[in-house]
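Read off the chains here:
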Amino acid sequence: MGRSSTEPSTTGRCAEVAISDDVLVIGGGLAGAMAALAAAERDVRVRLVTYKQSTLRQASGLIDVLGYAPDGDGPLVDPFEALEGLPTGHPYERVGSEAVREALAFFDEVAGDAYVGDHTDANALVPTHGGTVKPTARYPTATAAGLASDNRDALLVGFETLPDFDGPLAASHLAAAGVPFDARGVTLSFPGIERDDAKVTRYAHLLERDEAVSVDDSAATVGARDALAESVDEHLEGEPRVGFPAILGDERADEVRTALGEGLGVDVFEVPMGPPSLPGMRLSDLLYDALEDAGVRVTSGVPVVDYEVDPRGSSDTPADPSAAKTSDDPARGRIDHVVVDRNGAEVPHRADQYVLATGGLVGKGVRSDREGVREPIFDCHVPHPEDRYDWFVDGVFGDQPYARFGLDVDRELRPLETDSRPTFSNLRAAGAVLGGYDFAAEKSGSGVSLATGYVAGRRASTAVIR
Amino acid sequence: MATDTEVLVLGGGSTGCGIARDLAMRGLEVTLVERGNLTDGTTGRMHGLLHSGGRYAVSDQASATECIEENEILRDIAGHCVEETGGLFVQLPDDSDDYFREKLEGCRDCNIPARVLSGREAREIEPYLTPDIERAIEVPDGAVDPFRLCVANAVDAEAHGARIETHAEVIDLLRDGADVYGVDVRHDSGPGKRRHAAPGSTEEITAEYVVNATGAWAGQIAAMADLEVAVRPSKGVMTIMNVRQVDTVINRCRPKGDADIVVPHETTAILGTTDEEVSDPDDYPEAQWEVDQVIDTLADLVPILEEARTIRSFWGVRPLYEPPGTATQDPTDITRDFFLLDHAERDGVSGLSSIVGGKFTTYRAMAEEISDHVCGKLGVDATCATAEEPLPGSENLAVLEDGMDEFGLRSPVARRSKQRLGSRASDVLETDDANPVLCACEGVTRAEVRDAIQQSGTDLNAVRIRTRASMGNCQGGFCSQLLATELHPEYDEATARSALDELFQERWKGQRHALWGEQLSQAMVTYALHATTMNRDRDPAASDGSLEYGAFDDGEVR
Amino acid sequence: MSETDHPPDDGATEDRSSDEFEPIQVFPEAEAMDLRPGADNCYKCSTCDTNCPVAEVDDEFPGPKFQGPEQWRLKRQDDHDVDESVMKCSNCMRCDSACPSEVPLSQMHNTARGEYIEERMSRFSREYLRNRLLANYRRLAPLAATFPRTANFVMGLSVTQWLGEKTLGITSERELPDFATETFREWWTERGGPAVESEAKQIAYFHGCYANYNTPEVAKALVRVYEHFGYEIMIPEQDCSGTPMFANGMLEDARRAAETNVAELAAALEDGADIVASCSSCSMSIRQEYPELFDFEGTAEVAANTWDALEYLRVHEDLEAELADASLEGDEYDEFAYHAPCHARNQGLDGQTVDVLEAIDGVEAEDVGDSCSGISGTYGWKAENYETSMKIGAAMFEHMEGAEAEQGLTECPTCSMQMGHGTGYEITHTLEILEAALVGDAGAA
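The structure presented is a predicted model; accordingly, all values stated were derived computationally and were not measured.

1. Overview of the overall build of chain B
- Secondary structure assignment for chain B yields 17 helices and 22 strands.
- With respect to the three principal axes, the spread of C-alpha positions in chain B is 90 × 70 × 50 Å.
- A burial count over chain B gives 63% of its 558 residues as buried.
- Taking as baseline every contact in chain B between residues at least 6 positions apart, the subset at least 24 positions apart corresponds to 71%.

Take a look at the structure:
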């Protein structure tokens, strides 16, 4: 870990009283938030510790469950049907298809009006900012009017200073993908943007606050929403819906979208974008609001750097160490507390049950160097080929071994040692820190985080109560 | 017999482009054909060192002298391709004092300015050098961008009437008895600028004289006319660091050895290299140990390298040659000098010469000598002007440096753009249109990308070597799609898409050798963006079958 | 090349013994630090940009990704043209806790800002003088505090404020803070020092400038709360923590202040005390910026043993149990709209206040969200930043007004000014609530 400090001279004096909770979730992305929310359903005290901001803010905000089978078959119309056929070790196989449905239902409840798609088991095909379509199970309300199976014609609006989304090119690409409607694109300049390198948050803020902007170099100003609607209006050729890159406001995105739609007399939708992603940020904010409402204590900005096992051993372990070990005995016993590093001061945090949801290679819950791949907090076993040149294949979109790096877990989601014994009795793992699946190829990233987060949180709180 | 061109140059590397420019400036009619992009062979796969000659000052003083002479010429005529970094030969405790003294004396003998620095002085110049350093010799090594230099030669040749055909592979060298009279080439996508999807075609190009400047591939070309050129291709690995750990060329001061140089190159530092003979310049193993060896060995000189991020590695193949019968065992001992093989003298076959051996720094002098030879063959009396005439982009550089115009860009972006474009900067960057940065790693704006597309058509790798777009730490993860977008609407969507696929795969190729730590995380970010968010890996537009949209959720609650 | 390029002595062997080299001399000044390797961690996700409160309201500022890793990576050793937009960074440091990949963003900004001041800002410009003045509040404050009534009177005159705007570029929109009639240190001396003595439990209190000169009631609250838990308190000599100096690129001033502080605090550590601070920017500065920018003897130890005042109690005492027995009656402590300062967020302390106050019967603290207050120390005092600062603060003001409470709560003095300025609410420091709950309102001196 970046800030971990091993030299005693620079380490803060040890604190005597640990901060203590029932369930401690490490990691504040989709999986961690779901785990904490699911755990907090029961009457237990839950804390979520998150170091840096999660990769959720880089994600498109779509909730994919399964778009393609591991063998590439797809796009799948019904993701749930395909869950049954997944190989052993796939995170969905570990938790079972019923749990996936429960987790989605739980998410639907948490997300409320912000997300749609729960009216059918079928996947939706959503236009991407690269121009094609992708299958997903739940999508933000902001995206709902843009579905590719909706046969209404669409105008796609891009902006000359936002090169990530090019309306005309995306429209041609959708045509090449065979969508059942005519798409047309246009590139405009965004009213009120002064610099060519303005950040997406600046665009969102202009609309969010409906800032006064001047148009056509005149001294008079109009609201940013009206100015934008006006500049789009002259390009409309009767299309009943208009798509924009996902920059239409932040907290008040609904209000912005409605205002634009009313101004133009059309349905307005957002095309999800790559990082930095407003829809990802909105989802993150939604989850953190839910965590606050659920009474989850959130500690952010500090890393968990270490742990101590309970010297008395695991409650699940036979008192007599010479007693025959079963395959279910945890190899390293029970975690007593973890150590949080606050700018050099090491603060113990104790809990009964722990959930590890620190992310994969991007979130840095899985790290690598030239010698190998590892999980940095608990040093859980990460299966990977010894030869670094077996971590990849030559085709960039080939069957990439590195994309599957992560922990093996049992059906309780406890990380497993090389000998298939659980590492600890009271540690479960969820989300991208898990291995055995290629979320990018399958389009299963958010679904796996939801399902495993939900199950890990539920099981953790159940274990506390027991 | 009327021919299509007076001189046909085979190979679009530094030698070929240098010859094309030289001859075109002398008023000859020149056509150059290149199998891939300019620089695709060895030129684009070197460490970017502009030799002071110091490296040869002990072993090969003739080369050393030639290097320092050409080094000084290139600073003048190619200022926008050269960075005057200076270089150090660094002595560590294990390195011999005798060799250090020989190196210093050798530099003096060859008129290479050289100055001894204490270890402390050397570390004041380069703080990341190891504290173990004994002392160093400072020499006027430099860094050169081989892409920019080679392209500038080609552009100037074109300006002087030459025809430059890239993506035109020689499939036959045409020989009639004892005379070579031209080639058959296969154009990937018709003649002219590259255009994906345009149908391929073949063309016979005849010439009064053919120059085989294909370097490591010279043997393969010669064989097409039943001639033998025994090139001994030797591969070397180069590893690119994400940032410049040093701003000076760092050489280890010891006799020949692998992994003994770090060259600051644009935003990066390049570690080199190894030397191992291969049989086929297109097919040789690229192995992990080679990468590990350069990092670990050079970490002795610059310890921070051990943990630093590398963004890719690549291998270059030296076009080494020695006259038949020399039979040197170790490729490191083969001379770096070049050979002009006149097949009329050598094999009794007229109309063809082959160039082998040589090194990048002296490409201009080689081109001059070969051009003199060609002119002699054709009975043309014209003198060489390449040592005086600046390359396009390198005229009036002093004016540019004084100019404060930042073209509405942030200072570092304006600075880097001006360094790349040289005196063309205002032509390219002055625009009333929105000009966002497309490649944030390297600070490349839309205007510069569009300028490159104007030059090279739909080939985004050609755009890359002109602008450096996609050569930074994300290796095209974030900008490759933006570059492809700039092809539209001039070129259609399918063309933009296949150009993107090609660039994206090319960027992956080198990254495979850097897949751990930060670059593995980067690769995963890129994969997630392109596969998860954009679904580029399973794009229905790219599949044959049609998709049944009606079966999916259309948003209607039923 | 001339003969002078050749060294006078070819042997050069005499150099070889003189190589006892201290790496510290390689980077003598913070503004000369080479942070390019820090760009290695960046994978361009732009999470930092989405957390930048300035880029959101002003597109002249290109965001931390450009300002940090991109600008550094594009730099060659002898390039000194740091983009002027670095002066628009407010030093809120939110990018630090945002980055999922450990890029040293604020260190990069601080260093670039120092270099910009060094290389590109005229020493005689109005901007330089004004920034120097704001950065060195600590030097002016003692004067004002000597004659507080005069200072308060003079600063309150609108002509003075107008002159401030015209001649110095300090906004006239804000009211300058009042100075206390008795500084905290004067009170401490008057009181005769610590009221509790203990071998085992000692703390050294870094009160910072503001609690000394402007809000001694906060500092007194800390004293009473810690004495309640049986701590012996030391008040070491101290200079400004450096926060305003970093933000203004005045790294030399910051270095001098830090040198004093590290020496004094290290001595207190030697004596067995831990260090606590009541101002979240002071603790941030000592914990993070000192080790990133300086390497005086003891910097790392001081950083590792400095705590936020509430955090320290929470970890070392059973604060929750103690508070469970306390209750606060009456409207005065009823409900608070709590703003977590960015610099507390950066230390992982953003959830702490609400967590702790939950335990006190009769007190409600409602978190008003994770937006930045916008003032960022001296940033919002500059006339050219005032509007940006208020735009950034708009979300916080709205959330404060939307909350039930009619008064505000925070741990940062300048956030407190901004909260009051934007809403007209009274703003309290968390330690004052703890004091009331544990010691009683009029805690005996």
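2. Notes on the UniProt feature "domain: FAD dependent oxidoreductase" (unreviewed entry) in chain B
- Within the UniProt annotation, "domain: FAD dependent oxidoreductase" (unreviewed entry) is assigned to residues 7–362 of chain B.
- Span residues 7–362 of chain B is 24% helix and 31% strand, its end C-alpha atoms 22 Å apart.

3. Re the packing of helix α3 (residues 64–73) of chain C against helix α5 (residues 105–120) of chain C
Residues and elements named next belong to chain C.
- For the pair α3 and α5, interaxial distance at closest approach is 9 Å and the crossing angle is 80 degrees. It follows from the interaxial angle that α3 and α5 lie roughly perpendicular. On α5, the residues touching P64, Q67, G68, P69, Q71 and W72 of α3 are L105, M108, H109 and A112.
- A per-class count over the contact of α3 with α5 returns six nonpolar, four polar and no charged.

4. Observations concerning helix α22 (residues 413–423) of chain C
All names here are of chain C.
- For α22, the buried fraction is high: nine of the eleven residues fall into the buried class.
- Residues P413, T414, C415, S416, M417, Q418, M419, H421 and G422 constitute the buried set of α22.
- Summarising the contacts, the buried residues of α22 are in contact with α11 (208–213), α21 (383–402), β7 (408–410) and β8 (427–429).
- Phi for G424, located one or two positions after α22, is positive at around 80 degrees.

5. Quick notes on the interface of chain B and chain A
- With 52 residues of chain B in contact, the opposing surface of chain A contributes 62 residues.
- Sort the elements by how many residues they give to the side of chain B that touches chain A and helix α17 (residues 517–533) of chain B lands first, with twelve residues.
- Residues belonging to the side of chain B that touches chain A are distributed by class as follows: 28 nonpolar, 14 polar and ten charged.

6. Some details on the packing of helix α7 (residues 224–233) of chain A against helix α8 (residues 253–264) of chain A
Residue and element names in this part refer to chain A.
- Direction vectors running N to C along α7 and α8 enclose 40 degrees, while the axes themselves pass 9 Å from each other. Compared by their axis directions, α7 and α8 come out oblique. As for the relative orientation of α7 and α8, their crossing is right-handed in sense. Between α7, through R225, D226, L228, A229, V232 and D233, and α8, the contact on the second element is made entirely by V256, A259, L260, G263 and L264.
- The class makeup of the residues in the contact of α7 with α8 is seven nonpolar, one polar and three charged.

7. Quick look at helix α14 (residues 251–270) of chain C
- Compared with an ideal rise of 1.5 Å per residue, which puts 20 residues at 28 Å, α14(C) spans 27 Å between its outermost C-alpha atoms and is within 8% of the ideal.
- Note on α14(C): the residue one or two positions beyond its end, C:G272, has a positive phi of about 100 degrees.

8. Here's the deal with the sheet that holds strand β9 (residues 183–188) of chain A
Residue and element names in this part refer to chain A.
- Strand order across the open sheet formed by four strands is β9-β8-β12-β13, with parallel pairing between neighbours. Both outer strands of the open sheet, β9 and β13 (267–271), are each paired with one neighbouring strand and no more. Geometrically, the sheet is characterised by an average inter-axis angle of 25 degrees between neighbouring strands, direction not taken into account.
- In this sheet, β9 lies alongside strand β8 (residues 154–159) in parallel orientation, the contact comprising six bridges. Note that in β9 the partner of L155 across the bridge is R184.

About the cut-offs
- Residues numbered from 1 in each chain as written.
- Chains lettered and ligands numbered in written order.
- Predicted model: local features only at pLDDT ≥ 70, side-chain atom pairs only at ≥ 80, totals over all residues.
- Helix = DSSP H or I, 4+ residues; strand = E, 2+ residues; numbered from the N terminus.
- Buried ≥ 20, exposed ≤ 12 C-beta atoms within 10 Å, placed from the backbone.
- Contact = placed C-beta atoms within 7 Å.
- UniProt positions renumbered as here; feature names shortened; annotations may be inferred.
- Axes fitted to C-alpha atoms, helices over the stretch in contact; angles between N-to-C directions.
- Parallel < 35°, antiparallel > 145°, perpendicular 65-115°, else oblique.
- Nonpolar A, V, L, I, M, F, W, Y, C, P; charged D, E, K, R; others polar.
- Left-handed = near helix turned anticlockwise from the far one by under 90°.
- Expected span 1.5 Å × (residues − 1).
- Pairing = 2+ DSSP bridges.

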